[in-house]
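# Observations on the model geometry
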Amino acid sequence: MTDAATRLAVVRAEIARAAKSARRDPGEITLVAVSKRRSVEEIEALIDAGQRDFGESRVQEAKEKWPALRPLYPDVRLHMIGRLQSNKASEAAALFDFVHSLDRISLLDALATAPTHPPAFVQVNIGEEARKGGVALAELGSFLDAVRATQIPLAGLMAIPPHGLEPGPFFAFLNELARRHGVAGLSMGMSSDYPAAVMLGATMVRVGTALFED
Ligand SMILES: *Cc1c(COP(=O)(O)O)cnc(C)c1O
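The text that follows walks through the structure, step by step, so that each part is easy to find. Keep in mind that what you see is a predicted model, and the values were worked out from it rather than measured.

Should the charged atoms of two oppositely charged side chains come close, the side chains can pair. In this structure the tally under the stated criterion is 15 salt bridges. A salt bridge links Asp53 to Arg77; its shortest N-O distance comes to 2.9 Å. Placement of Asp53 in strand β2 (residues 53-56) and of Arg77 in strand β3 (residues 77-80) is noted, with a sequence separation of 24 residues between them. One salt bridge in this structure joins Glu176 and Arg179, with 3.2 Å as the shortest N-O distance. Pair noted here: Glu176 and Arg179 are both in helix α7 (residues 168-180), with a separation of 3 residues, about one helical turn. In this structure Glu176 comes out as partly exposed when scored by relative accessible area, which is 27%. On the basis of relative accessibility, which here comes to 59%, the residue Arg179 falls in the exposed class.

The local shell around the ligand consists of Val34, Lys36, Ile81, Ile160, Met190, Ser191, Arg206, Val207, Gly208 and Thr209. Ser191 places a polar side-chain atom, nitrogen or oxygen, 2.5 Å from an oxygen atom of the ligand. With respect to the ligand, the backbone of Gly208 contributes an N or O atom lying 2.8 Å from an oxygen atom. Its free accessible area being 390 Å², the ligand has 83% of it covered by the protein chains. Its residues assigned to classes, the shell around the ligand shows 5 nonpolar, 3 polar and 2 charged.

It is at 11 Å that the axes of helix α2 (residues 40-48) and helix α3 (residues 59-69) come closest, and there the two elements cross at 45°. Taken together, α2 and α3 sit at an angle that is classed as oblique. In this structure, α2 meets α3 at a crossing whose hand is right-handed. In this structure, α2 contributes Val40, Ile43, Glu44 and Ile47 to the contact, and α3 contributes Lys65, Trp66 and Leu69. Looking at the contact of α2 with α3 residue by residue, the class counts come to 5 nonpolar, no polar and 2 charged.

Turning our eyes to something else, we now look at the environment of Ala68. Along the polypeptide, Ala68 turns up in helix α3. C-alpha separation for the pair Ala68 and Val40, spaced 28 residues apart in sequence, amounts to 9.3 Å.

Within the fold, Pro74 resides in the loop between α3 and β3. C-alpha separation for the pair Pro74 and Arg52, spaced 22 residues apart in sequence, amounts to 9.6 Å.

To continue, consider the side chain of Glu56. By the element assignment, Glu56 lies in strand β2. Polar side-chain contacts of Glu56 include one of 2.7 Å to the side chain of Ser35. In terms of polar contacts, Glu56 uses its side chain to reach the side chain of Lys65, at 3.0 Å.

Our next topic: the side chain of Gln123. Residue position: Gln123 is located in strand β5 (residues 120-123). For Gln123, a relative accessible area of 9% gives the class buried. Not counting residues within four places of it along the chain, the set of residues in contact with Gln123 comprises His100, Ser101, Leu102, Asp103, Gly133, Gly134, Val135, Met158 and Ile160.

This part takes up the nonpolar core. Within soluble globular proteins, side chains that are nonpolar tend to cluster in buried spots. Formed by 62 residues in total, the largest nonpolar core has its most connected members in Phe54, Trp66, Leu102, Val122, Leu157, Val205 and Leu211. No other element matches the 6 residues that helix α1 (residues 3-21) contributes to this core. Those residues within four positions of Leu102 in sequence are excluded, and the remaining contacts are Leu107, Leu108, Leu111, Ala120, Phe121, Val122, Gln123, Val135, Phe143 and Val147. Formed by 6 residues, the second largest nonpolar core is a distinct cluster that contains Val32, Phe98, Ala155 and Met158.

Moving on to unusual backbone geometry. Phi at Arg37 takes a positive value of approximately 60°, unusual for a residue other than glycine. Following the sequence through the fold, Arg37 ends up in the loop between β1 (30-34) and α2. Taking the relative accessible area as the measure of exposure, Arg37 reaches 68% and is therefore exposed. One non-glycine residue, Glu128, lies in the positive phi region at around 50°. Within the fold, Glu128 resides in the loop between β5 and α6 (140-148).

Parameters and conventions
Residues numbered from 1 in each chain as written. Predicted model: local features only at pLDDT ≥ 70, side-chain atom pairs only at ≥ 80, totals over all residues. Heavy atoms only, no water. Salt bridge = Lys/Arg side-chain N within 4 Å of Asp/Glu carboxyl O. Helix = DSSP H or I, 4+ residues; strand = E, 2+ residues; numbered from the N terminus. Buried < 20%, exposed > 50% of the residue type's maximum accessible area, 1.4 Å probe, protein only. Near = heavy atom within 4 Å. Polar contact = N/O pair within 3.5 Å; in protein donor to acceptor, adjacent residues only side chain to side chain. Areas by Shrake-Rupley, 256 points an atom, 1.4 Å probe, with all protein chains shown as cover. Nonpolar A, V, L, I, M, F, W, Y, C, P; charged D, E, K, R; others polar. Axes fitted to C-alpha atoms, helices over the stretch in contact; angles between N-to-C directions. Parallel < 35°, antiparallel > 145°, perpendicular 65-115°, else oblique. Left-handed = near helix turned anticlockwise from the far one by under 90°. Contact = heavy atoms within 4.5 Å. Core = buried A, V, L, I, M, F, W, Y, C linked by side-chain atoms within 4.5 Å.

This is how it looks when you write it as structure tokens:
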């Protein structure tokens, strides 16, 4: 196996192990390979190994790498996981299959008026951090109502727990918020904590380093 294939097999096995320990079907969990700052060659090695979902955090970078790859691999799905400027919303909606970072009304308005409407996860400021993106907890209900009033399919909730704290309680809390608000998907978990996220209900994990570096 190539290094990329080995790393992919390890991450998939970890997801399956975590899912089984929580009595979940591993097939419910989508692994999104976060390919920001990775070269087209590194990406193709993972595609060759069988990976199909990829995440990018910047529209400009995605535009430089993916238009050449897309026609070669029509079953690849692209996920926008980073902060999205409203003036790039139309471009992002055309380029990506999912948006994980819908976090404010101005962006919702921009996406709603775009010609295409990829499903979107609402990013929640789960740790109530002043400097982090995401909808405030107190505003989540009204924000979800606003999303539901548009043509944008609501894919679920997304969050990034505060740096340096045990992530488990934040994953459990995001799961509880999704249940309370009748939302199905949960985009949570990165290289350092995706097994915990899977045990606590993640339906999409966003993994970069563990897939691209030894
Ligand atoms: C970079 C990034 C990831 C992946 O992080 P790793 O620690 O490399 O797995 C996941 N989610 C978001 C929003 C990111 O920006």
